[in-house]
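In case you want the letters, here they are:
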Amino acid sequence: MTAIADAAPHVRDPDLKRRLQRAERRQTRMAMLLVAPLFLFIVLSFALPILTLMTRAVSNPEVSTNLPQTLTALGDWDHAAAPDEAVFAALAADLVETQKARTTALIGKRMNYDWPGARSIMISAGKAVQNAGGGPWKPVLVASDPVWDSVEWWAALKRAGAPYTDFYLLGALDLKRDVKGDVVRAEPDQAVFIDIFGRTIMISFMVTLGTLVLGFPVAYLLATQPARTANILMILVLLPFWTSLLVRTTAWVVLLQTNGIVNNTLIWLHLITEPLALIFNRGGTLIAMMHIQLPFTLLPIYSVMRTISPSHVRAARSLGAGPFEAFWRVYAPQTLPGVGAGCLLTFILSLGYYITPALVGGATDQMISYFVAFYTNKEINWGLGSALGFVLLSLTLGLYLLYNKLVGVENMKLG
Amino acid sequence: MPYASPLERVWYWVFRVLCGAVLLFLIAPILVVMPLSFNAEPYFSYPMPGLSLQWYQDLVNNPQWQLGIRNSLIVGAFATTLATTLGTLAALGLSQRKFPMRTLVMSVLISPMIVPVVITAVGMYFFYSDIGLTNTLPGLILAHTALATPFVVITVTATLTAFDHSMTRAAANLGASPWTAFRRVQLPLILPGVISGALFAFVTSFDEVVVVLFIAGPEQRTLPRQMFAGIREQISPTILAAACILVVISIALLTTIELLRRRSERLRGISPA
């Protein structure tokens, strides 16, 4: 095609020009047809699930679907005092339905995130309505729990009644809404997530820095050795790269555990008398993560270093620069694209670590992924789990955009 | 280094020792741990009291491990086939000179590699359970295919940037249909890249544990899932035996890829770049 396209401007025949354009359009269409199956597949099997997670972070169906009449009756409530009998009658009617459908506890569970003890308030309210013969309903419900006479509780119920909410997303950032609906900081005993995000970023940063310090000299060695030696040394880098993450994590557990190889060797060498605590702490997590990420940082640096001509440093030396000055001022700046690409990739991948900290880290080394899994699997608080995932995803995608700008996905290479 | 100053000479050796230590750090954990899977006693330290193959026997005879190995092979085979086919087609399309919004499309196709795997797993757990794909092998195959395709797209794209498109034009000039030109000219030349991509895809699926934790039930337990369960409680030498087999597989695949890379470089040497 290139040959014809280059000739095109000189061709006077308009028919030929049109035919060329048609051929190019056909080719583009063909290319899009080739990409379409994978694109559709990724959208259906990957992007839609991610979208589901993002909707879960804001969807809030528990109260809105179960107390529809109450929420309608609450529509023009002024937050001045507890609502009047009409609202209580609507609530009673709703509770009769939820008692039948056994969903009262579900409302209680949702309210509990916002109001500790709300579960039992809802359950006793449901029972009270079921047992009472008829209205007026306000005394019945206030008798079941005095909280039904308070403005704060009704405000919380109304807030939780919106079909979509920023409650979980705010919670993931240690924020909440007060009675008036303003965003305020969460109570100190519940404000844990900023710390966990900070820890996640800190661990990723340490791992990135560590792999750079360890990887840069080795990349330089590999780039400057003759091809035969470099190829053999390269195998030492690529074999761990190719080995299962789980296998490498297992290896570190075996090495670092209390009666593990490292401790036993140190005792055998009489360097220590008591085994050191090497595992289930920050140090163990960092060592294992650096080991896994080292090739990801090293390989892009290496491939850039291979393209740097040794004559640059030689020229600098012959112009009077010392060996270290020549390296630092002439060679090192040229490696920056590789350093940037490798470090950014390692940082992005480190943010999402789950398995390794879970197996070799202690309670205070768990990163944000662990809590996404914890709230989804153990606590069954899908809203909060999804919201934490939402924040982590935004952070990762932001950095991915930066990576695209600086490095470009087309230039990504493996091994 | 006849003209080097003493300082430079010292630095030269310090640098070498430093690099040696880093390379040792990379390779030692794997090499030190592997022999322990032949230990006669279920301890993890040297010296070993005796050698035995009992942990490998356990691996082969234990029905849970058998199930794990079988599931991993089935899921890996299907996911690799799907990912290699879809990924190669997409890479071929993306290599066209005028592809609209190439960077955007490519970013989307690569994103399963970048998005933290827990997020993918939780999202799939919600979405796949809505459509009845959780606790099924097909669900797991679809999930692993999505995770594996970026590796195929990246490797095949890298091979295609070195591919000389005048080859297919020459074939077309000589009367070959587009399909024949692809099958007889282009495919053989990019095949090393396609195979490397397929191997990457297989390893990705064969190692994956997080998505399995979320969307698979006990019947879909895979080898890594079985290993993960064991490491959490108490490491048994059987886990090390499984790890050892995985390392041997990695070595085999790495060797294959290295050979393919050399072949590909040789072929490229013939083509006028």
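Please read these numbers as outputs of a predicted model, since none were measured by experiment.

## Some details on the overall build of chain A
Consideration 1: Each helix and strand counted, chain A has 20 helices and 2 strands in total.
Consideration 2: For chain A, the C-alpha radius of gyration of 31 Å lies well beyond 22 Å, the compact-globule estimate for 415 residues.
Consideration 3: Along the longest, intermediate and shortest principal axes, the C-alpha atoms of chain A span 100 × 90 × 40 Å.
Consideration 4: For chain A, the share of sequence-separated contacts (at least 6 apart) that also reach a separation of at least 24 residues comes to 69%.
Consideration 5: Surface summary for chain A: the accessible area is close to 19900 Å², and the carbon and sulfur share equals 64%.
Consideration 6: Of note, chain A has its 33 positive side-chain charges centred 16 Å away from the centre of its 27 negative side-chain charges.

## Considering the domain arrangement of chain B
Residue and element names in this part refer to chain B.
Consideration 1: Along its sequence, chain B is carved into domain 1 (1-52) and domain 2 (62-270).
Consideration 2: Computed from C-alpha atoms alone, the centre-to-centre distance between domain 1 and domain 2 is 32 Å.
Consideration 3: On the side of domain 2, 7 residues touch domain 1, which itself brings 7 residues to the contact.
Consideration 4: Both sides together, the interface formed by domain 1 and domain 2 hides about 640 Å², and carbon and sulfur atoms give 90% of it.
Consideration 5: The largest per-residue losses of area from domain 1 upon contact with domain 2 belong to Met34, Ser37 and Phe44, which jointly make up 68% of the total buried on that side.
Consideration 6: Put simply, domain 1 and domain 2 have 0 salt bridges between them.
Consideration 7: On inspection of domain 1 and its partner domain 2, the count reaches 0 residue pairs in polar contact (both at pLDDT 80 or more).
Consideration 8: Split by residue class, the side of domain 1 that touches domain 2 holds 6 nonpolar, 1 polar and no charged.

## Points about empty space enclosed by the protein
Consideration 1: If you walk through the whole model with that rule in mind, you get 5 cavities of 30 Å³ or more.
Consideration 2: Its boundaries defined by the atoms lining it, the largest cavity holds a volume of some 920 Å³.
Consideration 3: Along the walls of the largest cavity sit 34 residues, with Leu245 and Phe296 of chain A together with Val117, Phe151 and Thr204 of chain B positioned nearest its centre.
Consideration 4: Sort the elements by how many residues they give to the lining of the largest cavity and helix 8 (residues 178-207) of chain B lands first, with 4 residues.
Consideration 5: Here the residues of the lining of the largest cavity are counted per class, giving 24 nonpolar, 7 polar and 3 charged.

## Topic: a positive patch on the surface
Consideration 1: There is a patch of like positive charges on the surface, built from Arg22, Arg25, Arg26 and Arg29 of chain A.
Consideration 2: The residue Arg25 of chain A is located in helix 2 (residues 14-56) in this model.

## Quick word on the packing of helix 7 (residues 166-173) of chain B against helix 8 of chain B
The axes of two packed helices give the description: the angle between them and the distance between them.
All names here are of chain B.
Consideration 1: Across the interface, helix 7 lies against helix 8 with an axial gap of 10 Å and an inter-helix angle of 160°. The orientation of helix 7 with respect to helix 8, classified from their angle, is roughly antiparallel. Considering how the two elements wind past one another, helix 7 and helix 8 form a crossing that is right-handed. Across the interface between the two elements, Met167, Thr168 and Ala171 of helix 7 pack against Ala181, Val185, Gln186 and Leu189 of helix 8.
Consideration 2: Grouping the amino acids of the contact of helix 7 with helix 8 by side-chain chemistry returns 5 nonpolar, 2 polar and no charged.

## With respect to the interface of chain A and chain B
Consideration 1: Taken together, the contacts link 90 residues of chain A with 93 residues of chain B.
Consideration 2: For the pair chain A and chain B, the number of links is 2 salt bridges.
Consideration 3: One salt bridge in this structure joins Lys98 of chain B and Glu24 of chain A, with 2.8 Å as the shortest N-O distance.
Consideration 4: Inspection of the region where chain A meets chain B yields 7 residue pairs in polar contact (both at pLDDT 80 or more).
Consideration 5: Here the side of chain A that touches chain B takes 21 residues from helix 2 of chain A, the largest share from any one element.

## Points about the domain arrangement of chain A
Consideration 1: The domains assigned to chain A are domain 1 (2-56), domain 2 (61-165) and domain 3 (193-411).
Consideration 2: Placing the centre of domain 2 of chain A and that of domain 3 of chain A at their C-alpha centroids yields a distance of 52 Å.

## Remarks on the confidence of the model for chain A
Residues and elements named next belong to chain A.
Consideration 1: The predicted model of chain A has a mean per-residue pLDDT of 88, with 96% of residues at 70 or higher.
Consideration 2: Ranking the elements of chain A by mean pLDDT puts helix 1 (residues 2-7) last with 49 and helix 11 (residues 193-224) first with 95.
Consideration 3: Ignoring residues within four places in sequence, the model shows residues 1-5, a span with pLDDT below 50, making 8 contacts including any to other chains.

## So, the packing of aromatic side chains
Consideration 1: Under the criterion given, the structure shown has 30 aromatic pairs over all chains.
Consideration 2: Relative to Tyr375 of chain A, the ring of Phe193 of chain A has its centre 5.9 Å away and its plane inclined at 70°; by these criteria the two rings are edge-to-face. Highlighted residues: Phe193 of chain A in helix 11 and Tyr375 of chain A in helix 19 (residues 368-377), separated in sequence by 182 residues.
Consideration 3: On the basis of relative accessible area, Phe193 of chain A is assigned to the buried category, the value being 5%.
Consideration 4: Residue class for Tyr375 of chain A comes out buried when judged on its relative accessible area of 15%.
Consideration 5: Pairwise contacts between aromatic rings join Phe216, Tyr220, Phe324, Phe327 and Tyr331 of chain A together with Trp11 and Phe15 of chain B into one cluster.
Consideration 6: Between Arg110 of chain A and the ring centre of Phe167 of chain A, over which it is positioned, the NZ or CZ distance is 4.5 Å.

Calculation notes
Residues numbered from 1 in each chain as written. Chains lettered and ligands numbered in written order. Predicted model: local features only at pLDDT ≥ 70, side-chain atom pairs only at ≥ 80, totals over all residues. Heavy atoms only, no water. Helix = DSSP H or I, 4+ residues; strand = E, 2+ residues; numbered from the N terminus. Rg over C-alpha atoms; globule rule 2.2 N^0.38 Å. Contact = heavy atoms within 4.5 Å. Areas by Shrake-Rupley, 256 points an atom, 1.4 Å probe, with all protein chains shown as cover. Lys, Arg positive; Asp, Glu negative; His and termini not counted. Charge placed at Lys NZ, Arg CZ, Asp CG, Glu CD. Domains from an automatic or database assignment. Buried area = accessible area lost by both parts, 1.4 Å probe. Salt bridge = Lys/Arg side-chain N within 4 Å of Asp/Glu carboxyl O. Polar contact = N/O pair within 3.5 Å; in protein donor to acceptor, adjacent residues only side chain to side chain. Nonpolar A, V, L, I, M, F, W, Y, C, P; charged D, E, K, R; others polar. 1 Å grid on protein atoms, 1.4 Å probe; cavity = no way out; pocket = protein on both sides within 12 Å on 5 of 7 lines; lining within 4 Å. Points joined across faces, edges and corners; volume = space filled by probe spheres on them. Patch = residues over 30% accessible without salt bridge, like charges linked within 9 Å, V, L, I, M, F, W, Y side chains within 5 Å. Axes fitted to C-alpha atoms, helices over the stretch in contact; angles between N-to-C directions. Parallel < 35°, antiparallel > 145°, perpendicular 65-115°, else oblique. Left-handed = near helix turned anticlockwise from the far one by under 90°. pLDDT = per-residue confidence, 0-100. Phe/Tyr/Trp six-rings, centres within 6.5 Å; stacked < 30°, edge-to-face > 60°. Buried < 20%, exposed > 50% of the residue type's maximum accessible area, 1.4 Å probe, protein only. Lys NZ or Arg CZ within 6 Å of the ring centre and 35° of its normal.

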